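Structural description and commentary
Listed below are the residues making up each chain.
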Amino acid sequence: MADHVVVEADSGKLRGIVENGISIFKGIPYGGPADGAGRFMPPTKPAPWTGVRDALAFGARAMQADEMFAGVPELIKLFSGREEQPMSENCLFLNVWTPATGDAKKRPVMFWCHGGGFFAGSGSSPWYDGTNLSRKGDVVIVTVNHRLGAFGYLHLGEAGGEASRSSGNAGMLDLVAALRWVRDNIAAFGGDPNNVTIFGESGGGAKVSVLMAMPSARGLFHRAIVQSGPGARMASPEDGAETTRALLGALGLKADQIDELRTLPADRLLKAQLTVSAQIGVMSMANRRRLGFNPVVDGIALPTHPFDPVAPDISADVPLMIGTNLHETTLFFAFFPWFDKLDEADLRKRVALIMGDSADRIIEIYRRGQPNMTPKDLFIAITTDRMMRGPSLTTADRKIAQHAAPAYVYLFTYETPVLGGKLKSPHALEIPFVFDNLAIAPLAGDNPGRLLLGDKMSRAWIAFARSGNPNHNGLPQWPAYSIAQRPTMMFEDKCHVVNDPFGDGRQAMEGSV
């Protein structure tokens, strides 16, 4: 019979479970109701309870359209895991994994922001299970759910009244509320509120970028890691207003009927959100932070773009680790019927959709640097750099230009053997390496060498969370990033540092956001 453990948080007592030496608390409310009068509004505090509340099951996911990811059976099988939790507007829950409670030990806290853009995902994915990372590093892991899509990022602006001026950042304000919960409660769970690392992948990395620019998040975290999710620019008020108009149109509403959005059934709002999102083509990914439902630079919750034109002053003292995977975009493009037939003419046409008039020049730069690349290889290299690596390196450049805290840059190049090696080193592949959860990640394949790499990577993330420096005995010396050398840790079978890898591509995308 499993042991239970009880911890007292500020809203009441919580009963968790001890499994494999780790105390686990699931479905902890950090915010109040987000439906009804709470829709589009900043989060409130949860109501306190009496007695002991069970924290044994994950809380509800945010409202989201699961059918957006129902297209490729091969990928669904590789990403499959535990059954998804029910959806609800009332989704403000977090989860905690800790080696011990009540021992007065101050452990580093690692606060994970889930991926899925700003419209999908949850903190309950098996890949994000914090058991192994918590045990290995003697750290406290926190994962979190927050409002997504139209429920979290619908910009009502002036039309929605003063109270909802920051409705375009409601989901980000949820994350700030979760960080406040960590500040106020994590000591009771064995964590140090003065040593909190925010980290995330894909949309989660973009959330980390945004948190670094939010005044209300200042002081709630002390280190930051962005994995394959740079967020240098977010939506402008005009972008947000355009998305709101599109949503109203999908609902058959006029501009003067905006108040009706507050009372519509959640399922109807979600269906309209899906209609709006379906109009955004996959070739628009380079502009994905502007199009659709994203945080809005509203001048209040988010005063400026996170890393454009410069890094945010309010997080200048926060060390940053940032990196990407070598073939990010195979996950998005490799299963389209046209991909395997890509020839020179189609390559130029498709690159032009992303790079505009500079397409021919960009293709020639990449071809000179890597002359043996096929059209498919070139397409993946260019789109990966434009969508992920270029903006990540721009973020690193602007961070170190502050001369206040270091940045560390990595490139994950391990190639998965699944599906005949078609995906190579795709988007999201590094997540189970970081969490040391390779045993439950079919995407990574079964190469025994992956376990050693996973150990090196997870220990680097733990070291960074502990001290702001990712170096440990299992890695060669990893210098802080600099414009002069551009040292980059290559995470592969034999980890090593390369100065300015694939420099031609970096220069071609320099300044991209």
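Parameters and conventions
Residues numbered from 1 in each chain as written. Predicted model: local features only at pLDDT ≥ 70, side-chain atom pairs only at ≥ 80, totals over all residues. Heavy atoms only, no water. Helix = DSSP H or I, 4+ residues; strand = E, 2+ residues; numbered from the N terminus. Contact = heavy atoms within 4.5 Å. Phe/Tyr/Trp six-rings, centres within 6.5 Å; stacked < 30°, edge-to-face > 60°. Buried < 20%, exposed > 50% of the residue type's maximum accessible area, 1.4 Å probe, protein only. Core = buried A, V, L, I, M, F, W, Y, C linked by side-chain atoms within 4.5 Å. Expected span 1.5 Å × (residues − 1). Axes fitted to C-alpha atoms, helices over the stretch in contact; angles between N-to-C directions. Left-handed = near helix turned anticlockwise from the far one by under 90°. Nonpolar A, V, L, I, M, F, W, Y, C, P; charged D, E, K, R; others polar. Salt bridge = Lys/Arg side-chain N within 4 Å of Asp/Glu carboxyl O.

1. A short note on the environment of Lys-45
Within the secondary structure layout, Lys-45 lies in the loop between strand 3 (22–29) and strand 4 (52–54). Separated by 34 residues in the primary sequence, Lys-45 and Ser-11 have C-alpha atoms spaced 8.9 Å apart. In this view, Lys-45 contacts Gly-31 and Gly-32; residues no more than four positions away in its chain are not counted.

2. Looking at the packing of aromatic side chains
Tallied over the full model, the rule gives 24 aromatic pairs. Each ring, one from Tyr-128 and one from Phe-435, has its centre 6.1 Å from the other, and the planes form 35 degrees; the classification is tilted. Of this pair, Tyr-128 sits in the loop between strand 6 (107–113) and helix 2 (131–137) while Phe-435 sits in the loop between helix 12 (431–434) and helix 13 (449–467), and the two are 307 residues apart along the sequence. A single burial state applies to Tyr-128 and to Phe-435, both of which are buried. The interplanar angle of 20 degrees and the centroid separation of 5.7 Å between the aromatic rings of Phe-336 and Trp-338 together place this pair among those described as stacked. Look at Phe-336 and you get partly exposed, because its relative accessible area is 31%.

3. Quick notes on the nonpolar core
Within the largest apolar cluster, 83 residues are counted, with the highest numbers of intra-cluster contacts made by Val-96, Phe-111, Trp-181, Leu-211, Met-214, Leu-247 and Leu-261. The dominant element in this core, judged by the number of residues it contributes, is helix 4 (residues 170–185), at nine residues. Other than its neighbours up to four places away in sequence, Leu-261 contacts Arg-39, Phe-40, Leu-154, Leu-156, Leu-247, Leu-248, Leu-251, Leu-253 and Leu-269. Ranked by size, the runner-up nonpolar core spans 70 residues in total, among them Phe-333, Ile-363, Ala-428 and Cys-495.

4. Describing the environment of Phe-58
Secondary-structure assignment places Phe-58 in the loop between strand 4 and helix 1 (73–79). In this structure the C-alpha to C-alpha distance between Phe-58 and Asn-145, which are 87 residues apart in sequence, comes to 9.7 Å.

5. A word on helix 7 (residues 266–278)
With 13 residues, helix 7 extends 18 Å from end C-alpha to end C-alpha; this agrees with the ideal 18 Å at 1.5 Å per step. In the core, the buried residues of helix 7 are packed alongside helix 3 (149–153) and helix 6 (237–251).

6. What about the packing of helix 9 (residues 344–355) against helix 10 (residues 359–369)?
Remark: helix 9 packs on helix 10, axes separated minimally by 8 Å, with the N-to-C direction vectors making an angle of 115 degrees. In this structure, the crossing between helix 9 and helix 10 has a hand that is right-handed. Counted together, Glu-344, Leu-347, Arg-348, Val-351, Ala-352 and Met-355 of helix 9 and Ala-359, Asp-360, Ile-362, Ile-363, Glu-364 and Arg-367 of helix 10 form the full contact between these two elements. Residues that form the contact of helix 9 with helix 10 fall into these classes: seven nonpolar, no polar and five charged.

7. A word on the pattern of salt bridges
This model, assessed by the stated rule, comprises 27 salt bridges. In this structure, Arg-107 and Asp-103 form a salt bridge, with 2.7 Å as the shortest nitrogen-oxygen distance. Arg-107 sits in the buried class, given a relative accessible area of 4%. Taking relative accessible area as the criterion, Asp-103 reaches 35% and is therefore assigned partly exposed. The residue Arg-367 makes a salt bridge to Glu-344 at a minimum N-O spacing of 2.9 Å.

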